[in-house]
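Report on the structure
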Amino acid sequence: MRILLHNPDNGITGNFMPHLWMFLLQARTPPQHEVILLDGNAKPMNDAELVQFVKDRAIDLVGIGAMTRMIARAYRAADALRAAGVPVVMGGPHVTELPDEALGRNGGVRHADAVALGEADETWPQIVEDAANGCLKAVYAPVDKFGQEQKPNLGEYPKIAWESLDLEQFNQIPKFLRPIFRKSRIQWEGFHLIPIESGRGCPYGCEFCTVTGFFGDSIRFRSNESVVDEMLRLKARARLHRGKVAVFFVDDNFAINVKRTKSLLRDIIAGGAQLAWVAQISANLLRDEELVDLIAESGGKWIFIGMESLDPANLKDVNKSFNKPSEYAGVLERLARRNVYAITSFIFGLDNDSTGVAARTLAEISKWPPGLPVFGQLTPFPSTPLYKRLATEGRLTRPTHWLDFAPFKMAHTPLKMTVAEVHREVDQAWTNSYNPAATRRAMSKIADAPVPYKISHLIARLCFRGIYFPQKGSLAWLKVLVENRGVILRLVLDSFTKWRGSAAAEVRLDFDTGARRPSSEPCRESVTEMPAGVP
C-alpha cells in the first residue's frame, strides 16, 4: 500500500519547520508499505492540485494531522480526497477533542473515514493494517485491555531515518541563493530546521493550553542515548549534503525536570552532538546559572519563553503564577550574556488587560536584550478550561471559530476592552517590534557580536515579521529587504572588517558548537533610545 502523510497549510500563516508527527508515523509504518510525506507549508497546493498529486502517485491512504488553526483547511483537503475515492484518516489535538466533528456525528459533513485519538504512535500500525485489509474502523483510541488511556513509552523510541530521507522540500535556502553561498564563506547547500523531542507532557495546566489535555500532566522522557544518537546522525547528514542542520526541541517545556535536562545537555556535549538548537522553556526554570551555561555550551541559540503578560493578576487568572514578571529582564540578560536569545510570547485580551497594554509591554521590551517578541490575542481552544469557562460565562462570540479561521481575531468578548481595541493593541505591538526602526535598534544592541550571530539574528527577525505581516512571494520579500537595506549594508561591511566582532565577544563561530564562555558585561544598550510605542 502507498500512503501519503500530509500536514496542511492553513493558507495564511506558514511554518519554519516540518511537523514531527509525519516522520514518527513514517518510522512506525510496517516496512512493506511505502510512505510519502507532503507538508503544505513547504509545497502549498489547492484542493485540486492535492487530489491530482494523490492520483498521479496512486495513493491508497492519506493521513492528515492538524492543529486547530489548520483544521478548516484540513477538512477541505479531506473532503476533496474522499470525493476522489481516497480514504482519509485524521489525527492530532483538534480531532482528539472533537472526533464527532471530523466524523460528521454532530450533524455536519463527515470529513474523515477514521480518526486517531491522542498519541497515535501505537495505534498507527493497526490503522495501516486495517486500511490494507479494507476494514477501517471509525475511531482508534490508545487504550489498554481494560479500556484505560495508554500513553506511549518513549523509552522505546523509533529511529527516524534522517540520513536517507528526502528533505528537499524543507530546505530553507532558496535555490537561487545556493550557487552564491557555494562561492562565499558560507558554503552551504542547504539549511534544515528539524523537529525532535526529548519528552512529552506538562504538569502546569495553563488555562488556555491544549498540551496537558493531549499529552497528559505526567512527563515521559526518551533516553539520553537516543537523543544524542539522533543529533549525531543529523550532523552526519548535514556534512554529507554540504549543509547545516538546526534542531527544534518540540517538548512543551524542555527543562521541566532540570536535573534530567542538565544530564541530557552534558551528554550532548560529551558526545560531540552539539547542533544549533531552539527549545521552549518557562522563565522560572531559567534562574539556574548552570542550566543556562549548559544550554549555551550544547548549542542552544534561541529559547521560546511564554511570558504571556506583565500583569501578575492576568497570570494568576490563567493558572500561570509561576511566571514572575519582575524576573523577566534578569532571565533574558542571563541568556544574552551567553549569546543565547529569547523568543518572547505575549497574549493580549486577558481579563485584566486594558487599553495601552501594547505600549506598556513595548516599554518593558525596550529595556531587554534584543529578541523576537510575538503577540497574539487570547484564543479559547476547544475543550480547554478557558473555553469551558468562557462558554459558561456566555462570552464566546465565535464558538466554532476554527471552522472560519481568521488569524489574530478574537473569538470571545474581553472584560475591560472591546474586541476592536484588542486587535489594535496586537497590531501596534507587531508594528513597533518589526518595523525597520525597531530592527535597527535591535541590531545596534548586538553591534559588537560576531557577524554570524548578527546575520542569524537579522534573518530570524525578518522571518518572524512574516508571522503577522504577509510577505509571501519574491516581491514581498524584496520590499522587506529594501526597507531594511541600511542594516543589511552594515552587515555586509562588517563581514569584511569585523567578522569575529569585538575582542570581548569571545565565542565560537562554528555553527555546530556552543558558546565558549559568557561575557562578563550585560547586553549593550541601544545607542539611540526611542520611546516605546513610537513607530
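About the thresholds
Residues numbered from 1 in each chain as written. Predicted model: local features only at pLDDT ≥ 70, side-chain atom pairs only at ≥ 80, totals over all residues. Heavy atoms only, no water. Helix = DSSP H or I, 4+ residues; strand = E, 2+ residues; numbered from the N terminus. Contact = heavy atoms within 4.5 Å. Areas by Shrake-Rupley, 256 points an atom, 1.4 Å probe, with all protein chains shown as cover. Pairing = 2+ DSSP bridges. Axes fitted to C-alpha atoms, helices over the stretch in contact; angles between N-to-C directions. Phe/Tyr/Trp six-rings, centres within 6.5 Å; stacked < 30°, edge-to-face > 60°. Buried < 20%, exposed > 50% of the residue type's maximum accessible area, 1.4 Å probe, protein only. Lys NZ or Arg CZ within 6 Å of the ring centre and 35° of its normal. 1 Å grid on protein atoms, 1.4 Å probe; cavity = no way out; pocket = protein on both sides within 12 Å on 5 of 7 lines; lining within 4 Å. Points joined across faces, edges and corners; volume = space filled by probe spheres on them. Nonpolar A, V, L, I, M, F, W, Y, C, P; charged D, E, K, R; others polar. Core = buried A, V, L, I, M, F, W, Y, C linked by side-chain atoms within 4.5 Å.

Take the overall build of the chain next. Counting its secondary structure elements, the chain contains 20 helices and 14 strands. Put simply, of all contacts in the chain between residues at least 6 apart along the chain, 73% involve residues at least 24 apart. A total of about 23100 Å² of accessible surface is found on the chain, and carbon and sulfur atoms cover 56% of it.

Here six strands make up an open sheet; going across it, the order is 7-10-11-12-13-14 and the pairing parallel. The sheet is open, and its two borders are formed by strand 7 (190–196) and strand 14 (372–377), each paired with just one other strand. The average undirected angle you get between the axes of adjacent strands in this sheet is 20°. Bridge count for strand 13 (residues 341–348) against strand 14 is six bridges, and the pairing is parallel. Directly across from S345, in strand 14, lies its bridge partner V374. Set on the sheet, helix 9 (residues 224–240) makes contact with strand 7 and strand 10 (243–249); between it and strand 10 the angle comes to about 155°. Across the sheet, helix 14 (residues 357–365) is in contact with strand 13 and strand 14; its angle to strand 13 comes to roughly 165°.

Further remarks concern the packing of aromatic side chains. Applying the stated criterion to the full structure yields 19 aromatic pairs. Between F346 and W368, the aromatic rings sit 6.3 Å apart at their centres with planes inclined by 20°, giving stacked as the arrangement. Taken together, the positions of F346 in strand 13 and W368 in the loop between helix 14 and strand 14 put the pair 22 residues apart, joining distant regions of the chain. Taking the relative accessible area as the measure of exposure, F346 reaches 1% and is therefore buried. Their ring planes at 20° and their centres at 5.8 Å tell us that F346 and F375 sit as a pair that is stacked. Taken together, the residues F346 in strand 13 and F375 in strand 14 connect sequence positions 29 residues apart. In this structure, F346 and F375 share a single accessibility class: buried. Feature note: the residues Y328, F346, F348, W368, F375, F408, W430, Y434, Y468 and F469 constitute an aromatic cluster, connected by ring pairs. A cation over an aromatic ring shows up here: R57 above the ring of F53, its NZ or CZ 3.7 Å from the ring centre.

This brings us to empty space enclosed by the protein. Scanning the model with the defined rule gives two cavities of 30 Å³ or more in all. For the second largest cavity, the calculated volume is near 40 Å³. A breakdown of the residues in the lining of the second largest cavity according to their chemical character gives four nonpolar, three polar and three charged.

With that out of the way, let us pick up the nonpolar core. Membership of the largest hydrophobic core comes to 107 residues, with the highest contact counts inside it found for F249 and I305. The contact partners of F249, leaving out residues within four places of it in the chain, are I196, V227, M231, F254, I268, W277, V278, A279 and Q280. Formed by 39 residues, the second largest nonpolar core is a distinct cluster that contains F53, I71, L378 and Y387.

Burial analysis of strand 7 places seven of its seven residues in the buried class, which makes it a mostly covered element. Sheet analysis places strand 7 next to strand 10, joined by seven bridges and oriented parallel. Bridge pairing in strand 10 links H192 to V245.

Here we come to the sheet that holds strand 4 (residues 88–91). Ordered by their spatial adjacency, six strands build an open sheet running 2-1-3-4-5-6, and the pairing between neighbours is parallel. The open sheet is flanked by strand 2 (34–39) and strand 6 (139–140), the only strands paired with a single partner. Where strand 3 (residues 61–65) and strand 4 come together, four bridges link them in parallel fashion. Each bridged residue has a counterpart across the sheet, and for G63 the counterpart in strand 4 is V89. Helix 1 (residues 20–28) contacts strand 1 (2–7), strand 2 and strand 3 of the sheet and is inclined by roughly 160° relative to strand 1. Taken strand by strand, helix 3 (residues 71–83) contacts strand 3 and strand 4, and its axis lies near 165° from that of strand 4.

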